[in-house]
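Chain and residue survey
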Amino acid sequence: MQTVAAQQMRCDTLRASVPFAQGFSTVTAESTRLALDRFADRLRTLCGDADGRVVSIEVEGWASPEGVHRRNGRLSEARARNVARYLAECTGFSDAHFAIEGRGIDWARLETAVAEDDRVPAREAVLHVLRETPVWIFTDGRVTDGRKRQLGMLRGGRPYEYMAERIFPDLRRVDICAVVRADREFSSLDGCTGDAPCGSLDMASSLVSVQKGCPGSLATDTTGTGRDESIGQQVRCSEPDDDVRPALSDGAAAEGFVAASEGVATAGTSSPTAGIVTHGAESAQLSSAETPSVLREPRWALKTNLLYDALLIPNIGIEYRFARRWSASVDYMHAWWSCDEKHRYWRCYGGEVLVRRYFGDRPFAGHHVGLYGMALTYDFEFGGKGRQSDGFGYGGGVEYGYSLPVGRRLNIDFSIGLGYFGGRYKEYVPMDGCYVWQSTRRQHWFGPTRAEVSLVWILGGDRRSTKGGAR
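What comes next is a walk through the structure. Note that the coordinates shown come from a computational prediction; the quantities given were computed from them, not determined experimentally.

1. A closer look at the pattern of salt bridges
Inspection of the entire model under this criterion finds 24 salt bridges. For Arg 172, the salt bridge is made with Glu 66, and the minimal N-O distance between the two is 2.6 Å. One end of the pair, Arg 172, is in the loop between α8 (168–171) and β6 (173–181); the other, Glu 66, is in the loop between β2 (53–63) and α3 (69–91), with 106 residues separating them in the sequence. Taken individually, Arg 172 and Glu 66 each receive the classification buried, so the pair is uniform in this respect. The closest approach of N and O atoms between Arg 131 and Glu 111, which form a salt bridge, is 2.9 Å. Of this pair, Arg 131 sits in helix α5 (residues 123–132) while Glu 111 sits in helix α4 (residues 107–116); the two residues are 20 residues apart in sequence, bridging distant segments of the chain. For Arg 131, a relative accessible area of 48% corresponds to the partly exposed category. For Glu 111, a relative accessible area of 25% corresponds to the partly exposed category. Through salt bridges with shared partners, a single ionic network connects Glu 352, Arg 356, Glu 399, Asp 413, Arg 450 and Glu 452.

2. Points about helix α7 (residues 158–166)
Taken residue by residue, α7 has Pro 159, Tyr 160, Tyr 162 and Met 163 as its buried positions. Projected down its long axis, α7 carries its buried residues within an arc of 160°, all on one side. Exposed side of α7, more than 90 degrees from the buried face: Arg 158 and Glu 165 are the residues found there.

3. A short note on the packing of aromatic side chains
Scanning the model with the defined rule gives 9 aromatic pairs in all. Note on Tyr 394 and Tyr 420: the rings are 6.5 Å apart at their centroids and 50° apart in plane angle, and the pair reads as tilted. Separated by 26 residues along the polypeptide, Tyr 394 in strand β19 (residues 393–405) and Tyr 420 in strand β20 (residues 410–431) bring together distant segments of the chain. Looking at Tyr 394, the relative accessible area reads 38%, which means it is partly exposed. Considering the side-chain rings of Tyr 420 and Phe 446, the 4.9 Å spacing of their centres and the 45° angle between planes classify their relative orientation as tilted. Residue Tyr 420 is found in strand β20, and its partner Phe 446 is found in strand β21 (residues 434–459); the two are separated by 26 residues along the sequence. Ring pairing ties together the aromatic residues Trp 336, Tyr 349 and Phe 392, which thus form one cluster. The positively charged end of Arg 387 is found above the aromatic ring belonging to Tyr 425, 4.2 Å away from the centroid. Cation over ring: Arg 450 sits above Tyr 372, and NZ or CZ is 5.8 Å from the ring centre.

4. Considerations on the nonpolar core
Core analysis: the biggest nonpolar cluster contains 27 residues, and Leu 43, Ile 57, Val 59, Val 83 and Ile 176 have the highest contact counts within it. Of all the elements in the fold, those that place two or more residues in this core are β1 (11–19), α2 (30–48), β2, α3, β3 (98–105) and β6. Ignoring anything within four residues of it in the chain, the contact list for Leu 43 reads Leu 14, Val 54, Ile 57, Phe 93, Ala 178 and Val 180. By size, the runner-up hydrophobic cluster in this structure holds 20 residues, among which are Trp 107, Leu 110, Val 143 and Leu 151.

Basis of the calculations
Residues numbered from 1 in each chain as written. Predicted model: local features only at pLDDT ≥ 70, side-chain atom pairs only at ≥ 80, totals over all residues. Heavy atoms only, no water. Salt bridge = Lys/Arg side-chain N within 4 Å of Asp/Glu carboxyl O. Helix = DSSP H or I, 4+ residues; strand = E, 2+ residues; numbered from the N terminus. Buried < 20%, exposed > 50% of the residue type's maximum accessible area, 1.4 Å probe, protein only. Arc of directions from axis to C-beta. Phe/Tyr/Trp six-rings, centres within 6.5 Å; stacked < 30°, edge-to-face > 60°. Lys NZ or Arg CZ within 6 Å of the ring centre and 35° of its normal. Core = buried A, V, L, I, M, F, W, Y, C linked by side-chain atoms within 4.5 Å. Contact = heavy atoms within 4.5 Å.

Set out below in structure tokens:
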């Protein structure tokens, strides 16, 4: 009968974590390739030592919360698939050795990181949202709120911005866990003794550790915790048996690719180059050359001011987001109505430019402030004294408003501007079929110079309205 010590000495677990840049899934960074090359060399060494064989290589991809939820799921899966493909090419292992899972957003690690960082603004409120708020909140079968939106709304978005800069980069990664088993004792590697777990090894921004003993077996888990004591983290590798199998851990199989709150989990198998094991209804076949952007947010919007429309002044504007919370827009108006017999003129054309700063967590939505400038010419007369601009009038000021989402791609924008409007104008009166000039004056007006109730149509991107919509 084999002794417990002998059983423990014939199984090694190799674990690694490979970071990725935001929005990228391909193994292109030199540091990432070097880390995976070293991992593959270490794995081949374990396999060559004592005639060892790989029982399973589990590859899990993760993403950070920015961008669209379902695309983050596909992005995490693409990361895991590309890492598995690279390892398969380096090691020559067969498809049966790999198990891939795209886990989506790593909410658990985010919660842990926030709990350990006392510099996170409003940390207790952030932890409350992470622990108590579901990923999606449904009302009458429609998405009306969610965890990420509530995080973005906290304290004007300051906690979210802090996490995006300091914590989110650690969530964009692929975790690898390989189990190697042999019929005889492994020799010690890199100075590790045969009767103690090896420590961790830092390889080009990735963490690699070797653990003696098979996780999940009674021979290894002498403490009853099921943990890798060398790094103090839960070992999620599957328990090896006599058959080579790409088994996933119970936790991975239960949680699946899509977040549990969505209630969706499906599985399928294929080769490493196409994704060996993928989970989730939203899985997609992404090529290794593809570099999908996580932040596919809308950049453009068309709008019309309903107040001007009501005054029979047709107008149109276009707005462009050049930064996360900043936009610039150009508006143009043109009305040229006249009835010469009744001496009625309603003529106005010109435009304005506007730079805005939004405070909401969604593009083109929420409170905003801005600076604007305008120039226009006009001619107004209603059967009596008329007023006509002498050249262009001009003005500018500051504005404040709120953009309210009313549909998936529709907002209603309310704003008012205070500032200055000036220029020269002529006063005239109709007389004997002619228009007689009376005087030329200069005006200087300080006060409200702009009012807007605009219908805004969001163009492109993946717009999600706070009123519900697709999951």
